[in-house]
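Residue strings, one per chain:
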Amino acid sequence: MNAAAPQRFVQLVECPRDAYQGLPQRIPVGVKVKHLNALVEAGFRRIDFGSFVSPQAVPQMSDTVAVWEGLQHDRGVEWIAIIVNERGAGDAAVRRVPVAGFPLSVNETFQVRNTNKDFAATWPMLERISQDLGASQTELVVYLSMAFGNPYGEPHDAARVVEFAKRVGELGVFRISLADTVGAAQPEQIEPVFTAVRDALPRATIGLHLHQRPDRWPAVVDAALRAGCRRFDAALGGIGGCPFADDELVGNLPSEGLIPYLHDAGYNPSELGGV
């Protein structure tokens, strides 16, 4: 009898924060807390739950502190909160949120739209954030936004993404997520960009935060798996998108589709005992 094939694990990050932020109607704190804790009970162990950002900029995230206080903190969950400045980093660190995610666009137009700062202001700030969080219990992950193109007609190539990734690595950050912010990625783009970044930063964990339309996501996920990606962000229902990137929101990978797709491809999205 042949020995069973070794399991191939994939890390799955559930992103309700990304699903919440574009909704026009405010979700009550209690509803969010119930939903997030239900995800924990369902087995999810990596959850992007909120953002420590300006309530004027993202009203749906104005209750992140209250939501955090209602979550289960003793279940081994990698709770992730988005930050865009030092104040947000401090908010995450003082509450011992396990992971703070900083969006860094390789396209300056989007960096200004998303964080109200150009590159000249962003890089020194990110260095300070990296140093501050390095002395805390909160780990920093950098999302390289617009990693596969932008909707503004500005130049883009894999070399630029690698340049940004290397500079992030020089700050001591070794968790990077390549973000397809507006669903621009074609399947044939995934492997050259992903492998170039991975080869440039062999010590780093490189994941993908892909936004895609319902009929296109399997092709890009398949390309990512072939490239060696083993960490994917997704959201139930494929809901979400960045309200600052373009006029139209492009949804996330749908968790309820991605999980069986990974299983069928021979991967187990349950490294920590959950999905």
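Residues numbered from 1 in each chain as written. Predicted model: local features only at pLDDT ≥ 70, side-chain atom pairs only at ≥ 80, totals over all residues. Heavy atoms only, no water.

## A closer look at the pairing of strand β8 (residues 205-210)
A regular strand places its side chains on the two faces of the sheet in alternate fashion. Burial analysis of β8 places 5 of its 6 residues in the buried class, which makes it a mostly covered element. Across 6 bridges, strand β7 (residues 175-180) lies against β8 in parallel orientation. Across the sheet, residue serine 177 finds its bridge partner in β8, namely glycine 207. Following the chain from β7 across helix α8 (residues 187-200) to the adjacent parallel β8, one finds a crossover that is right-handed. (Buried < 20%, exposed > 50% of the residue type's maximum accessible area, 1.4 Å probe, protein only. Helix = DSSP H or I, 4+ residues; strand = E, 2+ residues; numbered from the N terminus. Pairing = 2+ DSSP bridges. Right-handed = clockwise from strand over helix to strand, strands pointing away.)

## Observations regarding the packing of aromatic side chains
Scanning all chains against the criterion turns up 5 aromatic pairs. The interplanar angle of 50° and the centroid separation of 5.5 Å between the aromatic rings of tryptophan 123 and phenylalanine 164 together place this pair among those described as tilted. Placement of the pair is tryptophan 123 in helix α6 (residues 119-134) and phenylalanine 164 in helix α7 (residues 158-170), with a sequence separation of 41 residues. With respect to burial, tryptophan 123 and phenylalanine 164 carry one shared label: buried. One Lys or Arg, arginine 167, reaches over the ring of tryptophan 123 and ends 4.1 Å from the middle of that ring. Residue placement shows arginine 203 over the ring face of phenylalanine 174; its charged tip is 4.2 Å from the ring centre. (Phe/Tyr/Trp six-rings, centres within 6.5 Å; stacked < 30°, edge-to-face > 60°. Lys NZ or Arg CZ within 6 Å of the ring centre and 35° of its normal.)

## Overview of the pairing of strand β4 (residues 78-83)
For β4, a buried count of 6 out of 6 residues is recorded, marking the element as mostly surrounded by other parts of the structure. Of the two faces of β4, the one carrying Glu78, Ile80 and Ile82 and the one carrying Trp79, Ala81 and Ile83 are both buried. Note: strand β3 (residues 46-52) against β4, 6 bridges, orientation parallel. The residue bridging isoleucine 47 from the neighbouring strand is tryptophan 79, located in β4. In this fold, the crossover linking β3 to β4 by way of helix α3 (residues 64-69) has right-handed handedness. Judged from the 3 bridges that link them, β4 and strand β5 (residues 99-105) form a sheet pairing that is parallel. Bridging across to β5, isoleucine 80 finds its partner in valine 99. Between the parallel elements β4 and β5, the chain passes through helix α4 (residues 86-94) in a crossover that is right-handed.

The quantities given are spatial measurements derived from coordinates; they are silent on function.
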